[in-house]
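Spelled out, the chains give:
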There are 2 protein chains.
Amino acid sequence: VKIGILTIGNELVSGMIQDRNASFIAREMKTEGWRVVSMMSVGDDEHAIAGGLDHVMGLADAVIVTGGLGPTADDITTAAIARCLGLPLHTDKSVLRRLKKRFESKHLPWTDNNAKQARFPEGAQIIDNPVGSACGFYLERGEKIVTVLPGVPDEIHWMLPEGLIPVLRWKFNEGDKTSLRKTIKLFGMTESSIDTAIGELDLALPGITIGSYPRFPEIHIVVTSVNRDERAAAHNLELVTMRIAEGLKKHIFAWDYETMEGIVARYLTDHGRTLAVAESCTGGLIADRLTNVPGSSDFFERGVVSYSNASKVELLGVPQSTISRYGAVSEPTAVAMAEGIRKISGTHIGLSTTGIAGPAGGTSQKPVGTVFVSLTDGDMKACREFLFGWDRRRIKEISAQWALEMLRRHLVGRDI
Amino acid sequence: VKIGILTIGNELVSGMIQDRNASFIAREMKTEGWRVVSMMSVGDDEHAIAGGLDHVMGLADAVIVTGGLGPTADDITTAAIARCLGLPLHTDKSVLRRLKKRFESKHLPWTDNNAKQARFPEGAQIIDNPVGSACGFYLERGEKIVTVLPGVPDEIHWMLPEGLIPVLRWKFNEGDKTSLRKTIKLFGMTESSIDTAIGELDLALPGITIGSYPRFPEIHIVVTSVNRDERAAAHNLELVTMRIAEGLKKHIFAWDYETMEGIVARYLTDHGRTLAVAESCTGGLIADRLTNVPGSSDFFERGVVSYSNASKVELLGVPQSTISRYGAVSEPTAVAMAEGIRKISGTHIGLSTTGIAGPAGGTSQKPVGTVFVSLTDGDMKACREFLFGWDRRRIKEISAQWALEMLRRHLVGRDI
């Protein structure tokens with residue numbers, strides 16, 4: 001099956017935003033064993049949309065269009081496609097009803113331009129949008145099919161696997177094909193060393209493809225197994241992921257949709273353990289990530305962003321003498337912060353960071369990127385020193401990631 | 001001038017990497033006042049390249065091709081373009097000489113496949129590559145022009161402004177043109193209401209284009225002004241941005257590259273005022289955003305993520321009776337948190353959030369999305385109640401944004 005992708009939006013062709021949808025869709029198509037022959041972006045312009053659709057339809061069996069389904073005047077994708085294919089537009093009453101309900105439940109004022117999102121070309125089948133107001137749709141054109149989704153990445157992440165791929169499988173009579181995927185998430189290795197390590201493993205099995213995707217500071221390896229024989233697909237996937245897991249074990253922290261904070265949260269909750277965090281250089285990022293997890297109040301007791309020295313002394317009980325003698329960015333201060341936050345909160349575990357995120361504040365002794373992360377559970381205390389070569393935001397991100405990784409290692413009983 | 005962009009590489013259409021070149025090129029083209037009519041990606045496949053080039057040349061005055069200029073077997077861009085335009089290939093002796101020299105100076109072994117990078121279609125003009133081995137080239141085809149650059153982003157960042165744009169300016173006789181841009185950042189209005197408001201303003205001036213770009217929870221309006229007369233370009237831009245600024249004044253918080261946290265940080269620093277933050281539902285996100293600003297330690301004294309009731313009482317001095325009587329998510333608790341964090345930190349301003357980010361924890365009295373934000377400077381105290389209809393992460397994001405917006409309004413002396 002040949003796939004064409006057409007992404008629509010002035011924000012794309014003006015370079016205002018970078019299209020993340022096309023590459024996401026391309027990866028998903030690859031997982032299905034389908035080939036993307038062309039990816040195209042055009043502006044919110046009827047002539048450009050029609051020209052793009054024509055061209056891509058000439059190359060591909062299925063066209064996936066995204067973007068331009070919003071309620072505003074410049075969103076003209078539906079109308080342009082209808083015109084290009086010679087179809088009139090009509091209002092779908094049930095979609096309109098749901099739209100109005102949605103506005104009510106979100107306490108948003110209804111304006112009439114929103115009714116536009118209930119208009120579709122004649123003959124279109126609706127693809128539900130469980131997370132947003134713009135439904136997608138598809139139109140069969142003989143052997144070919146045109147599918148249309150909104151441009152919001154969060155919405156596509158739901159609608160593509162749940163709504164669109166089943167339609168394409170059915171259309172191309174590949175309902176019997178099994179396609180399985182496993183994502184392995186790694187932290188603490190460079191991309192090239194992962195590449196080398198994977199190159200040394202024997203992973204050549206039928207229907208298996210392997211891709212690696214850097215997501216700073218993590219790297220994700222995606223293994224796909226496509227086979228008409230369901231058991232063979234599962235067996236091959238199992239074999240390959242097992243081999244990768246053995247080869248790179250130390251650096252794997254999560255699988256599939258799990259996140260670092262999600263993993264740590266589950267361990268803490270499952271074992272009834274509680275956590276408090278004292279952050280200096282990470283500035284609240286660790287607390288922010290942990291509290292993104294629903295139910296985090298079960299284990300996250302409190303966090304302190306002790307940016308000033310006074311706050312380290314007053315809130316955490318770090319001795320002023322420790323700061324004077326070793327500096328705010330030092331192992332003794334980091335350890336005292338972890339011990340202090342644990343003690344004042346009465347939690348099982350205390351976690352702390354202190355460092356120099358830059359761009360100013362570095363010295364030859366302690367250059368920008370120097371970071372200490374400490375963890376204690378009352379019995380043990382651990383501290384690691386890092387030197388990161390990134391900018392301010394990335395130093396915060398990789399420090400927070402290391403703090404969570406040290407916590408994860410502690411929770412699973414590994415050396416920190 | 002209409003521009004088409006054709007990016008070439010199997011890694012693009014397989015979704016392995018996200019194309020950053022196209023959007024970079026598009027931004028630069030927009031700055032020149034040229035319009036990108038189509039952006040297209042195809043794999044390293046002669047048929048696909050020829051088809052893509054044909055299509056894009058039909059739409060555009062100038063085609064910018066990137067990628068596939070390497071020395072390896074799968075890099076076939078030059079050959080495919082030559083074939084598509086019916087031109088034979090020849091070796092450019094001076095490029096070959098420079099290539100060999102480059103290898104020598106880098107102590108790299110010369111292999112014959114590298115000579116491929118000195119082969120160009122007949123009639124091609126070379127575009128030098130100051131940072132890599134693959135030169136670009138361009139070919140005039142009557143009124144149109146085809147330009148080809150390597151796919152390495154670092155190389156394009158050099159070759160586009162230095163090598164390619166001057167060629168296009170010369171080709172289209174636009175050496176004398178001025179292009180200016182201004183971005184207006186808004187918060188607190190929906191996209192459709194901004195659309196309506198802008199539609200009511202008189203903004204039709206020569207060379208002016210206006211785009212609106214949602215960046216949850218903000219919306220950015222970009223005004224571009226292109227004119228051969230430099231003063232007219234500046235005058236029209238000024239006029240249009242002034243009219244938008246007047247029409248939407250209340251909701252504009254920043255211009256161009258400024259961020260909400262950057263604006264707030266500058267006010268605080270410039271006026272020697274200090275801040276402490278007590279976060280419950282935002283979970284550290286406000287502190288994280290503020291500490292992304294270099295030099296934030298000048299005004300950000302400390303933050304507390306008081307997730308548990310105990311931490312609200314112990315760290316912030318919120319009376320237990322207030323929590324028992326009104327609940328942790330209530331105006332009295334929010335106000336006590338802001339007053340508490342201000343008092344214990346000795347800062348000028350205290351800022352607090354408390355709310356129900358969900359998905360659990362809502363009641364009919366206080367549904368998920370209920371959020372209180374409070375601010376005090378010792379004299380005044382303010383509190384606002386919100387009801388947001390988003391998911392957990394977005395409730396955190398919009399609450400943090402409102403907290404910073406209330407702080408900004410306070411700092412500029414406006415009603416909160």
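Since the structure is predicted, the reported quantities are computational estimates derived from the model, not experimental observations. (Residues numbered from 1 in each chain as written. Chains lettered and ligands numbered in written order. Predicted model: local features only at pLDDT ≥ 70, side-chain atom pairs only at ≥ 80, totals over all residues. Heavy atoms only, no water.)

1. Comments concerning the pairing of strand β11 (residues 218-227) of chain A
Residues and elements named next belong to chain A. Across the ten residues of β11, nine count as buried, placing the element largely inside the fold. Relative to β11, strand β9 (residues 178-187) runs antiparallel, the two sharing ten bridges. When the sheet's bridge partners are listed, Lys185 is paired in β11 with His220. Across eight bridges, the pairing between strand β10 (residues 208-215) and β11 is antiparallel. Its bridge partner being in β11, Ile208 is matched across the sheet by Ser225. (Buried < 20%, exposed > 50% of the residue type's maximum accessible area, 1.4 Å probe, protein only. Helix = DSSP H or I, 4+ residues; strand = E, 2+ residues; numbered from the N terminus. Pairing = 2+ DSSP bridges.)

2. Notes on the side chain of Arg302(B)
Secondary-structure assignment places Arg302(B) in strand β14 (residues 300-305). Among the residues examined, Arg302(B) registers a relative accessible area of 1% and is labelled buried. Side-chain polar atoms of Arg302(B) contact the side chain of Glu314(A), separated by 2.8 Å. Engagement of the side chain of Arg302(B) in a polar contact is seen with the side chain of Glu301(B), the distance being 2.6 Å. Once residues within four sequence positions are removed from consideration, Arg302(B) is found in contact with Val305(A), Tyr307(A), Ala310(A), Ser311(A), Glu314(A), Leu315(A), Leu275(B), Ala276(B), Val277(B), Ile341(B), Ile344(B) and Ser345(B). (Polar contact = N/O pair within 3.5 Å; in protein donor to acceptor, adjacent residues only side chain to side chain. Contact = heavy atoms within 4.5 Å.)

3. Looking at the pairing of strand β8 (residues 144-149) of chain B
Residue and element names in this part refer to chain B. The buried fraction of β8 is high, at five of six residues. Both strand β3 (residues 62-66) and β8 contribute to a ladder of five bridges, which runs parallel. Bridging from a neighbouring strand, Val65 pairs with Val148 of β8. Bridging between strand β7 (residues 136-141) and β8 involves five bridges; their strand directions are antiparallel. In the strand pairing of β8, Glu140 is matched with Ile145. Linking β7 back to β8 in an antiparallel pair, the connection comprises two residues, with Gly142 at a positive phi of about 65 degrees.

4. Here's the deal with helix α14 (residues 392-411) of chain B
Residue and element names in this part refer to chain B. Between its terminal C-alpha atoms α14 stretches 29 Å, which fits the 28 Å expected from 20 residues at 1.5 Å a residue. Most of α14 sits out of view: 17 of its 20 residues are buried. Of the residues one or two after α14, Gly413 is the one with positive phi, at around 80 degrees. (Expected span 1.5 Å × (residues − 1).)

5. Focus: the environment of Ser311(A)
Here Ser311(A) shows up in helix α11 (residues 309-316). Note on Ser311(A): relative accessible area 0%, which makes it buried. Along the chain, Ser311(A) and Glu246(A) lie 65 residues apart, while their C-alpha atoms are 45 Å from each other. Residues within four places of Ser311(A) in sequence aside, it is in contact with Ser306(A), Leu316(A), Glu301(B) and Arg302(B). Engagement of the side chain of Ser311(A) in a polar contact is seen with the backbone oxygen of Ser308(A), the distance being 2.7 Å.

6. Overview of the interface of chain A and chain B
Between chain A and chain B, the residue contacts involve 65 residues of the former and 61 residues of the latter. Note on chain A versus chain B: buried area summed over both sides is about 5,100 Å², and carbon and sulfur give 52% of it. Linking chain A with chain B are six salt bridges. Here Asp288(A) ties to Arg393(B) by a salt bridge, and the two come within 3.0 Å at their closest N and O atoms. Applying the counting criterion to the chain A and chain B interface returns 36 residue pairs in polar contact (both at pLDDT 80 or more). Among the elements that make up the side of chain A that touches chain B, the one with the highest residue count is strand β2 (residues 35-42) of chain A (seven residues). Residue composition of the side of chain A that touches chain B, grouped by class: 25 nonpolar, 26 polar and 14 charged. (Buried area = accessible area lost by both parts, 1.4 Å probe. Salt bridge = Lys/Arg side-chain N within 4 Å of Asp/Glu carboxyl O. Nonpolar A, V, L, I, M, F, W, Y, C, P; charged D, E, K, R; others polar.)

7. Side note on helix α9 (residues 260-270) of chain B
Residue and element names in this part refer to chain B. Taken as a whole, α9 has its buried residues at Met260, Glu261, Ile263, Val264, Ala265 and Leu268. Looking at the buried positions of α9, the neighbouring elements they touch are β11 (218-227), β12 (252-255), β13 (275-279), α10 (285-290), β15 (349-355) and α14. Phi turns positive one or two residues past the end of α9, at Gly272, with a value near 60 degrees.

8. Things to note about empty space enclosed by the protein
The final tally for this structure, using the stated rule, is one cavity of 30 Å³ or more. Here the largest cavity is characterised by a volume of approximately 200 Å³. If you go around the largest cavity, you meet 20 residues; those closest to its centre are Asp19(A), Met39(A), Ser41(A), Asp19(B) and Ser41(B). Of all the secondary-structure elements, those providing two or more residues to the lining of the largest cavity are β1 (2-8), α2 (21-31) and β2 of chain A together with α2 (21-31) and β2 (35-42) of chain B. Of the residues contributing to the lining of the largest cavity, the split by class is ten nonpolar, eight polar and two charged. (1 Å grid on protein atoms, 1.4 Å probe; cavity = no way out; pocket = protein on both sides within 12 Å on 5 of 7 lines; lining within 4 Å. Points joined across faces, edges and corners; volume = space filled by probe spheres on them.)

9. So, the state of the cysteines
The full count for this structure, using the stated rule, is zero disulfides over all chains. Free cysteine: Cys383(B), not disulfide-bonded; nearest cysteine sulfur from Cys281(B) at 11 Å. (Disulfide = S-S within 2.5 Å.)

10. Side note on the nonpolar core
Ranked by size, the top nonpolar core spans 58 residues in total, and within it Leu6(A), Leu53(A), Val65(A), Ile81(A), Leu53(B), Val65(B) and Ile81(B) carry the most contacts. Setting aside chain neighbours within four positions, we find Val65(B) in contact with Leu6(B), Ile8(B), Leu53(B), Thr77(B), Ile81(B), Val146(B), Thr147(B), Val148(B) and Leu149(B). (Core = buried A, V, L, I, M, F, W, Y, C linked by side-chain atoms within 4.5 Å.)

11. Focus on the sheet that holds strand β17 (residues 381-387) of chain B
Ordered by their spatial adjacency, ten strands build an open sheet running β17(A)-β16(A)-β15(A)-β13(A)-β14(A)-β14(B)-β13(B)-β15(B)-β16(B)-β17(B), and the pairing between neighbours is mixed. Since the sheet does not close on itself, it has two edges, and those belong to β17 (381-387) of chain A together with β17 of chain B, each with one partner. On average, each strand axis in the sheet is tilted by 10 degrees relative to the strand beside it, whichever way the strands run. Inspection of the sheet shows β15(B) paired to strand β16 (residues 370-376) of chain B by six bridges, in the antiparallel sense. (Axes fitted to C-alpha atoms, helices over the stretch in contact; angles between N-to-C directions.)

12. Side note on the environment of Ser321(B)
With respect to the secondary-structure elements, Ser321(B) resides in helix α12 (residues 320-326). Sequence-wise, Ser321(B) and His90(B) are 231 residues apart; in three dimensions their C-alpha atoms are separated by 86 Å.

13. Quick word on the packing of helix α9 (residues 260-270) of chain A against helix α14 (residues 392-411) of chain A
Residue and element names in this part refer to chain A. Two elements in contact, α9 and α14, have axes whose closest approach is 10 Å; the angle formed by their N-to-C orientations is 35 degrees. Handedness of the α9/α14 crossing: left-handed. Here Met260, Glu261, Ile263, Val264, Tyr267 and Leu268 of α9 come into contact with α14, specifically with Gln401, Leu404, Glu405, Leu407, Arg408 and Leu411. Of the residues belonging to the contact of α9 with α14, the class tally is eight nonpolar, one polar and three charged. (Left-handed = near helix turned anticlockwise from the far one by under 90°.)

14. Quick look at the sheet that holds β10(A)
Residue and element names in this part refer to chain A. Here four strands make up an open sheet; going across it, the order is β10-β11-β9-β12 and the pairing antiparallel. Edge positions in the sheet fall to β10 and β12 (252-255), since each of these pairs with one other strand and no more. The mean inter-strand angle of the sheet, taken between neighbouring strand axes irrespective of direction, is 25 degrees. Here helix α8 (residues 230-248) sits on the sheet and contacts β9, β10, β11 and β12; the angle it forms with β11, its principal contact strand, is near 155 degrees.

15. Here we look at the pattern of salt bridges
All names here are of chain A. Summed over the entire model, instances satisfying the criterion amount to 34 salt bridges over all chains. Note that Glu46 is salt-bridged to Arg83, the shortest N-O span being 3.4 Å. On the criterion of sequence distance, the pair formed by Glu46 in helix α3 (residues 46-59) and Arg83 in helix α4 (residues 77-84) is long-range, its members being 37 residues apart. Judged by its relative accessible area of 59%, Arg83 is exposed.

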